[in-house]
Structure formats: structure tokens, C-alpha cells
Amino acid sequence: MADQQEEEDLRMALRMSMQNSPPEPKRSKPREAANLATTTPEESRRLQRELMAAAAEKRMLATGKSVPASGSPLKSDSGGDIGTKEMEIKAKEVKLGNELSEKEAYQLFFMVFGNGVSKDILAQWSNQGIRFSPDPETSMILVQHEGGPCGVLAAIQAFVLKHLLFCPDDLVKAAQSTPQNSTPRRLSKNQYVASNNFAAFTENAKARALVKSMGEILFLCGNNKRALIATLSSIGDGVEESEDSLTDVIIAQALEGLSIESASNLHKVLRVETYTTPASAYKRLEAIIPVFQSRMGALLFLISALLSRGLDCVQADRDDPSLPLVTAPFGHASQEIVNLLLCGQAVPNVFDGRMDLGGGMFLKGVSTNVEVGFLTLLESLNFCKVGQNLKCPKWPIWVVGSESHYTVLFALDTGVQDENELEARDSQIRKAFDAQDQSGGGGFISVEGFHQVLRETNIRLPSEKLDSLCGSGFIVWSEFWQVILDLDKSLGGLKDSTGQMGQKIFDLYHFNGIAKSDLNGSQFSSGGETPMQRPRLTKLRVSVPPRWTPEEFMADVAVLPSGSAGAQPSGKDTEVAKPEPSQHAPLVDCIRTRWPRAVCNWVGDPPSIV
């Protein structure tokens, strides 16, 4: 009890000493927190008392206040004791939020983890903070140390990139002070090229981008009407009032021994606050961002998103609400989690709209355009079909899914998504066809659906072609597409006498946030033996050759301008030749679902999506 009283007195001294000094920007100190975790509970308490006392003494000396002897009651300016009454007033000012009911806590826990969840999975989701990489070369990346929560981190990462790269006016006011080669360039009304100087972003800009991204996602989940922010009762608002050097110490002690292993644990420790304006939510997120940087951060943000959507609405979004959102046996984030964070609905599929199975049954996909998109390796393996809503987002940023991991792909130039006339026609026809595809991405539609596609796209097929396509009772996309390629443009086809149809060459960047050994890196540990553990950033040069005719496609040839990557000197403006052998990795298969026939090259190790 004496130790507890002493801690309370010192905490009050710290708060009083800070009243005349504005708080400094919050900074994370993972090493101090990590060292604290290895000490005994008594040593942790002693360290915290010493740090708090030192900070209080420093503040009081700076403001001319007397420093009380250890254990002595603090005196107010009028000479009275600052005791229980003052502390009660302070306690009333702490906003701990509302408790979840036991029913809500149980519904939430079993929705996320299901029955019989392993301790390993719970540990993965209870030990992953939302923190930027300390490595200068990858300082824009949210670093992942635990398997499982990558779906949450990748979605947040995609929005962070949006705010850092394409919405700098919201983050940086002093653009004139930045070097000329690192400032974004407005090229035209519809094209924008962001800076490739990733190390130039300040800690403050990254922190603001993170707060805005988290708030945007939560309001997206809340139908742009509300955001619910989940935090822990053991932390409360202490982190808002503490000095920066003590923030991680306070959080580490609050989390000491805390585990989420049951719905009962969740009910005891969770507190939730509701915000109805983005400004109020941003302010709160900024104040408690160290909580989300702590080991509970990823789980707390997922809970915040689910509660912002509403637990009943989440279950209604899903095709099978009996399955847990965190998938066994490895604890990965499901597609429903990723879709919730990207489009605000926990739908399980990635196609556009919904698929009518008959008898009043539907499969739910993504029904709206999105800010940042999604690509998946599973589409290249013909397990699913990503719709145009996710494939063509507002900004050239995509979460990339593999069988077991989520990463992020992005471009600095918004022009990579610009379409020429023929590409726009291609997209229109493909979207109309996919809307009639009830095969789950199998690539075929009914005759009735086919006639609807022809009406929507103003395609007028010759009778013999129409009879040939409809003869089997269903229409396969590959056969229809070959007819479109041969069909005269005046009839709604894509035939082009020049054969060029617009080659594209552009750069993409790929982030893998999981910290692994950098085999090519030159930085090593102090022992000089172990490569540095850091996320991976890979730059890819992408060339999309204009192979539009079936003959060219089957022959695997490319039309390349002279002087471009992979072209041999010829003295001609263009030549048709076999492309230079391209590099291949599973990520390339994902890229080709967005840009068919893309050829990719990079320097160093292949980009990893696992």
C-alpha cells in the first residue's frame, strides 16, 4: 500500500509539473520498453518511480517550484496539502470510455477467434504494435514481427501511403523548404507523381499520416457516421498527461501480465469511446497513438473497426458468420477483415457486387469503389476473380494477398491507371461480362446474360459468330474475347489496324512489412554475423507490351519501341521480337492480374509476398 501511495504521489507531481509546459511530440522507445520487460516487477516499479521523480524534479526546478522530499505530501501554491481530494478530481477527469456488456464481449471474442483458439494465435495478435520501421531505407513501412496480423497492418499501410504520397497538403505545410527533387510534381489535371525520396518524410508527417489513416478506416467502417475507438482500462488517459520519455514505461507496466485469452478477459480490460466527427476521432487517436504502438495495437485497431461497423452488421456482411475472422491453424487475417478495412464492409469475396445463387441466396462481394485496392495471387491460380472495384482503386495502391501473407504494392505515378480508348473499352466489356458471371470467377455466363452484355456494351455480332458462341448454352470469356479482338471497331470490337494499341512502361514499388534478414543489406549487428532484420522494399520496372491479337498472344512476342527496356538496337522505330527474358516471382503473377502480359524486372533479391 505504501508503494502504491508513493506511486500515486509521484504521478501527481509529474502531472502538476507539466501544467505549464506543453507536451512534446510523442516518440516511441522500443528498446526501453523491451528492457523493462526483462526486469522483475519490483525493478519495473522502482524504475518508473525514479523516472517519474526525476522528470517531476526537472519540471519543478524549471518553473521555480519547490521539490518535496521523497514520500512527503505535495504542497499547493497556497500551502495546503494536495491529497485525496485533488486526486479524486483528477480521477473524474480520466475518460475510460464505456465497458462492453458481457454479451458483446463474448460475441466479439468468438467472432474474431472462434472456439478452441490456440495460445499461439492469441499471442500473435496480442504482441503486434502499429509501428514504423526504424530503418531509414524502409522508414515508411509498418514493421511486422508476429505472423497473423499482417492483413490489418497492410491495410493501414496502404492508407498511410495514400496520405503521405498523394495527399501531402494535409500533412506538410512547408513544401517550399523541401529539396526540389523530393517534392511531388503535378504533371496534369489527372496525373500526379509523388516523391520517391521516402527517407525525406519526417516522423511528424508519418505520425499524422498514421492517425489520419486509422481515423479514415474507422469512419469508413462506421458508414462515415461514427468511429469507435477501443483502448484498455489499465492505461486510461495516463499516456496523454505523461512526459514522452515515460510513455512507453507507463504502457509497458500497464500491459505487464495482461493477456487476452478469453471473452472474459476482453470484457474486463476493454473500454470503448464513440466519435461522430473525424476531427474528434483524429484528436483522440493522436493522443493515444502510443497505445496503438504498443504490443496490443493491431488487435485493438481490429476491434475498433469491428465495433465501428457494428457486430451485427459484420455478421450480416458475411456469407458464413459461424467461421472465425482469424483463420486457423496459423491465425491469419481473413479476407473479411481485409475487405472491412478497405471498403467498410466485412464481405468475404473480392468480385464486384453480389452473386445470385438462386432461391434468394447470394454471395457478397465489394459493391463500391475504393480508395486503395486489392490484388491476390489466388486469382492467377484461378481460385477467385478480383472485380474492377478493388482492381482499379482511386489511388495506385494495392494490398497484395498470397496464401498466407499480405503485403503492399504501389506506384508513385497515378498515370499507371490511365486508360487509352482501347483499354477503356476492354475494361467496359470485362466488367459487363463479370457482372453476369455466376460461376464464382469461372469465366463463363449464360446465353441470357450474354445478350445483356451485348446490349450494355453496344456490340453487334454477326449472326454466324453469335450462333457459334451460343451453341453450347453458355459463353466462355476466352472465346468471346477472341471474337472481340477480331471484330471491327465500328461493330463494338477492339480491332486496330496499327497493331500498337499503346505500350506502357512504368515503375512499381513493393513493401513486405515482415522483418526478415536482409541478405543484400550492408548493415549487420554488432557481432558482424547476423544480417539486419528489417522489412523489404523492392522497386520493379514494369513493361506492358501491346500484344492484342490472338496470334501475338499465342506466339508470346512483344512490340517494343527502340531504346526501351529489353529492346535491341535496330534502327527502326519499332520491332516485333521475343522479349528479353523477364524476371519472375509470385508477385509478378499478381501484377499480371491487373496488367495482363506485364514483364517485370528488379535489382537484387526477388520481391517476396510470403
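Since we're looking at a predicted model, the values are computed, not measured.

Undergrad: Please clarify how the state of the cysteines should be interpreted in this entry.
TA: What is meant by a disulfide is a covalent connection between two cysteines, made through their sulfur atoms. Tallying each qualifying case throughout the model produces 0 disulfides. Here Cys590 is not disulfide-linked; the sulfur of Cys384 is the nearest cysteine sulfur, at 9.8 Å. Cys590 gets classed as buried once you look at its relative accessible area, which sits at 1%.

Undergrad: Mind showing me how you'd approach empty space enclosed by the protein here?
TA: To find the voids left in a structure, one rolls a probe of water-molecule size over its atoms. The tally for this structure, following the rule as stated, stands at 4 cavities of 30 Å³ or more. Of the pockets and cavities examined, the largest cavity occupies roughly 90 Å³. What lines the largest cavity is a set of 14 residues, and nearest its centre among them are Leu142, Leu153, Ala154, Tyr406 and Gly513. Those elements giving two or more residues to the lining of the largest cavity turn out to be helix H7 (150–166), strand E11 (406–410) and strand E14 (504–517). Here the element with the most residues in the lining of the largest cavity is H7; it accounts for 4 residues. Here the lining of the largest cavity is built from residues that sort into 8 nonpolar, 6 polar and no charged.

Undergrad: Honestly, the pairing of strand E4 (residues 270–275) in this entry has me stumped. Any pointers?
TA: Note on strand geometry: in a regular strand, side chains alternate between the two faces of the sheet. For E4, the tally of buried residues reaches 5 of 6 residues, placing the bulk of the element in the interior. Pairing of strand E3 (residues 227–232) with E4, which is carried by 6 bridges, proceeds in the antiparallel orientation. Bridged to Ala230 within E4 is Val272.

Undergrad: How do you make sense of the packing of aromatic side chains when you look at a structure like this?
TA: Each aromatic ring pair is specified by the distance between its two centres and by the angle formed by the two planes. Under the criterion given, the structure shown has 18 aromatic pairs. With centroids separated by 6.5 Å and ring planes inclined at 50°, the aromatic side chains of Phe374 and Tyr406 adopt a geometry described as tilted. Taken together, the residues span a long stretch of sequence, with Phe374 in strand E9 (residues 373–376) and Tyr406 in strand E11 at a distance of 32 residues. Taking the relative accessible area as the measure of exposure, Phe374 reaches 1% and is therefore buried. Centroid distance Phe433 to Trp477: 5.0 Å. Interplanar angle 65°. Geometry classified as edge-to-face.

Undergrad: Help me understand the environment of Ser280, please; the structure alone is not making it clear to me.
TA: Turning to its location among the elements, Ser280 is positioned in helix H12 (residues 278–287). The exposure class of Ser280 is partly exposed, given its relative accessible area of 25%. A C-alpha to C-alpha distance of 9.6 Å links Ser280 and Gly215, two positions 65 residues apart in sequence. A distance of 2.8 Å separates a polar atom in the side chain of Ser280 from the backbone oxygen of Thr277.

Analysis parameters
Residues numbered from 1 in each chain as written. Predicted model: local features only at pLDDT ≥ 70, side-chain atom pairs only at ≥ 80, totals over all residues. Heavy atoms only, no water. Disulfide = S-S within 2.5 Å. Buried < 20%, exposed > 50% of the residue type's maximum accessible area, 1.4 Å probe, protein only. 1 Å grid on protein atoms, 1.4 Å probe; cavity = no way out; pocket = protein on both sides within 12 Å on 5 of 7 lines; lining within 4 Å. Points joined across faces, edges and corners; volume = space filled by probe spheres on them. Helix = DSSP H or I, 4+ residues; strand = E, 2+ residues; numbered from the N terminus. Nonpolar A, V, L, I, M, F, W, Y, C, P; charged D, E, K, R; others polar. Pairing = 2+ DSSP bridges. Phe/Tyr/Trp six-rings, centres within 6.5 Å; stacked < 30°, edge-to-face > 60°. Polar contact = N/O pair within 3.5 Å; in protein donor to acceptor, adjacent residues only side chain to side chain.

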